[in-house]
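# Tertiary structure, described
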Amino acid sequence: MALDGAFLYAVKKELQPLIGGRVEKVFQPSREEIVISIRTRQGSKKLYISANAGSARIHVTQKQPDNPQTPPMFCMLLRKRLGSGKLTDIRQDGLERILFLDFECVNELGDQVTVTLACEVMGRCSNLIIICGGKIIDSIKRVDEEMSRERLVLPGMIYEMPPRDDRLNFLIAEPEEITERLRKTAPAELSKALIRIFEGISPILAREWTFFAGRGLHLESDTIDGDFLDRLLYIIKKTRRQLAEGGCCFSVASTKEGMLKDFSFIRLEQFGPLMLTREFESASELLDYFYFERDRGVRTK
């Protein structure tokens, strides 16, 4: 999925102004969607969180989703746990597709506690989990033994991170490490090899790196060297710098007929004249546009 760990890192940086804000309202427009209104010094912001398999995401939204007259049980639980809570931190472990939102709240006994929302943006395994004291209070989607034997998500259980492969974080990996991994990985088309080497990168990002490194030529992981390798290391370093310094170019690619194709936090060159690209000022603006327009197209069809 295009909303990979690297894109989520850009979203996390964009959400930093929300830290210090207080929860005003919590809504649940549908079974797998949550909207949290947070009051900050710059005004109220609506934080949208979706655990839907085909459109999982988290970002600030300008849309006004419809809300049911009777709030669902999960929404009531969130209101109880987060009521007037203060957002104190937004965390991400490496480039995992999970954002942790820490809220400073007061429980039923009047004690100050930290309630964490784990926003897992992981395709069909996406979820929104309420955690307190390391234990799961509840989740928007419960996962029992019939659904998964690897990782259970049920009230009262200790929260555990999803299984994780031994892959490099390109934000901190040294050029020597990257080169060594390329030499050791099984021979494959370069973009597919990059997905196996790095955590948190999507196919579209891997293809963009490959397109730049090969100047549009097909590259294999076991034959890349010389100028091609230098160009690959350069574009990875440039992408790292864009994320760190806030120089991202949030781009959406669509067909000439208007069908939305993909998106990324860097300028998309791989499609050439075959696709039209549109750029946005922020990750939230891009995500608002992409999923709203895509869903509207599906409804129209």
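Quick note: structure is the one above.
What comes next is a walk through the structure. Here the structure is a predicted model, which means the values were calculated and not measured. (Residues numbered from 1 in each chain as written. Predicted model: local features only at pLDDT ≥ 70, side-chain atom pairs only at ≥ 80, totals over all residues. Heavy atoms only, no water.)

### Some details on the packing of aromatic side chains
- For the structure on display, the rule yields twelve aromatic pairs.
- Between Phe7 and Phe265, the ring centres sit 6.4 Å apart and the planes meet at 70°, which makes this aromatic pair edge-to-face. Of this pair, Phe7 sits in helix α1 (residues 5-14) while Phe265 is found in the loop between β11 (260-264) and β12 (276-280), placing the two residues 258 residues apart along the sequence.
- The exposure class of Phe265 is buried, given its relative accessible area of 1%.
- When the ring of Phe280 is compared with that of Tyr289, the centres are 5.0 Å apart and the planes differ by 40°; the resulting orientation is tilted.
- According to the relative accessible area criterion, Phe280 is buried, its value standing at 9%.
- Ring pairs connect the aromatic residues Phe7, Phe250, Phe263, Phe265, Phe290 and Tyr291, which therefore count as one cluster.
- In this structure, Arg231 packs its charged tip against the face of Phe212, placed 4.2 Å from the ring centre.
- Looking at Arg278, its charged tip hangs above the ring of Tyr289, at a distance of 4.5 Å from the centre. (Phe/Tyr/Trp six-rings, centres within 6.5 Å; stacked < 30°, edge-to-face > 60°. Helix = DSSP H or I, 4+ residues; strand = E, 2+ residues; numbered from the N terminus. Buried < 20%, exposed > 50% of the residue type's maximum accessible area, 1.4 Å probe, protein only. Lys NZ or Arg CZ within 6 Å of the ring centre and 35° of its normal.)

### Examining the sheet that holds strand β10 (residues 250-254)
- Spatially, three strands are ordered β11-β10-β12 in an open sheet, and the strand pairing comes out antiparallel. Of all the strands in the sheet, the pair left with one neighbour each is β11 and β12. Going across the sheet, the axis of each strand differs from the next one's by a mean of 20°, ignoring polarity.
- With five bridges connecting them, β10 and β12 associate as antiparallel partners. The partner of Ser251 across the bridge, within β12, is Glu279. (Pairing = 2+ DSSP bridges. Axes fitted to C-alpha atoms, helices over the stretch in contact; angles between N-to-C directions.)

### Remarks on the side chain of Thr61
- Relative to the helices and strands, Thr61 is located in strand β4 (residues 57-61).
- Within the local environment of Thr61, its side chain forms a polar contact with the side chain of Asp288, the two groups lying 2.8 Å apart. (Polar contact = N/O pair within 3.5 Å; in protein donor to acceptor, adjacent residues only side chain to side chain.)

### Focus on α1
- With eight of its ten residues buried, α1 lies for the most part within the structure.
- Residues of α1 that are buried: Gly5, Ala6, Phe7, Leu8, Tyr9, Ala10, Val11 and Lys12.
- Regarding α1, its N-cap is Asp4, as a side-chain oxygen of that residue lies 3.2 Å from the backbone nitrogen of Ala6 further along.

### Let's talk about the pairing of β4
- Counting buried positions over the five residues of β4 gives five, a clear majority of the element.
- Summarising the sheet, strand β3 (residues 43-50) and β4 pair through five bridges and their orientation is antiparallel. Each bridged residue has a counterpart across the sheet, and for Ile49 the counterpart in β4 is Ile58.
- Where β3 folds back on β4, the antiparallel hairpin that results is connected by six residues.

### Re the layout of surface pockets
- Each pocket or cavity is described by its volume, and for the largest pocket that value is around 820 Å³.
- Within the lining of the largest pocket, the residues separate by chemical class into 13 nonpolar, five polar and twelve charged.
- Of the pockets and cavities examined, the second largest pocket occupies roughly 460 Å³.
- Lining the second largest pocket are 21 residues; nearest its centre among them are Glu33, Tyr48, Arg57, Pro65 and Asp295.
- Of all elements in the fold, only β3, β4 and α7 (283-300) reach the threshold of two or more residues within the lining of the second largest pocket. (1 Å grid on protein atoms, 1.4 Å probe; cavity = no way out; pocket = protein on both sides within 12 Å on 5 of 7 lines; lining within 4 Å. Points joined across faces, edges and corners; volume = space filled by probe spheres on them. Nonpolar A, V, L, I, M, F, W, Y, C, P; charged D, E, K, R; others polar.)

### Overview of the pattern of salt bridges
- With the rule as written, the count across this model stands at 13 salt bridges.
- When the shortest N-O distance is used, the salt bridge between Asp166 and Arg181 registers 3.6 Å. Of this pair, Asp166 sits in the loop between β9 (135-139) and α3 (175-184) while Arg181 sits in helix α3; the two residues are 15 residues apart in sequence, bridging distant segments of the chain.
- Counted as one network, the salt bridges with shared partners bring together Asp93, Glu96, Arg164 and Glu199. (Salt bridge = Lys/Arg side-chain N within 4 Å of Asp/Glu carboxyl O.)

### Some points on the environment of Gly272
- The topology assignment puts Gly272 in the loop between β11 and β12.
- Classification of Gly272 as partly exposed rests on a relative accessible area of 44%.
- Measuring from C-alpha to C-alpha, the distance between Gly272 and Gly216 comes to 9.8 Å, with 56 residues separating the pair along the chain.

### Focus: the pairing of strand β7 (residues 112-120)
- Bridging between strand β6 (residues 98-106) and β7 involves nine bridges; their strand directions are antiparallel. Directly across from Leu99, in β7, lies its bridge partner Cys119.
- Joining the antiparallel neighbours β6 and β7 is a turn of five residues, in which Gly110 adopts a positive phi near 90°.
- The pairing of β7 with strand β8 (residues 127-132) spans six bridges and is antiparallel. Residue pairing for β8: Ala118 is matched across the bridge by Ile129.

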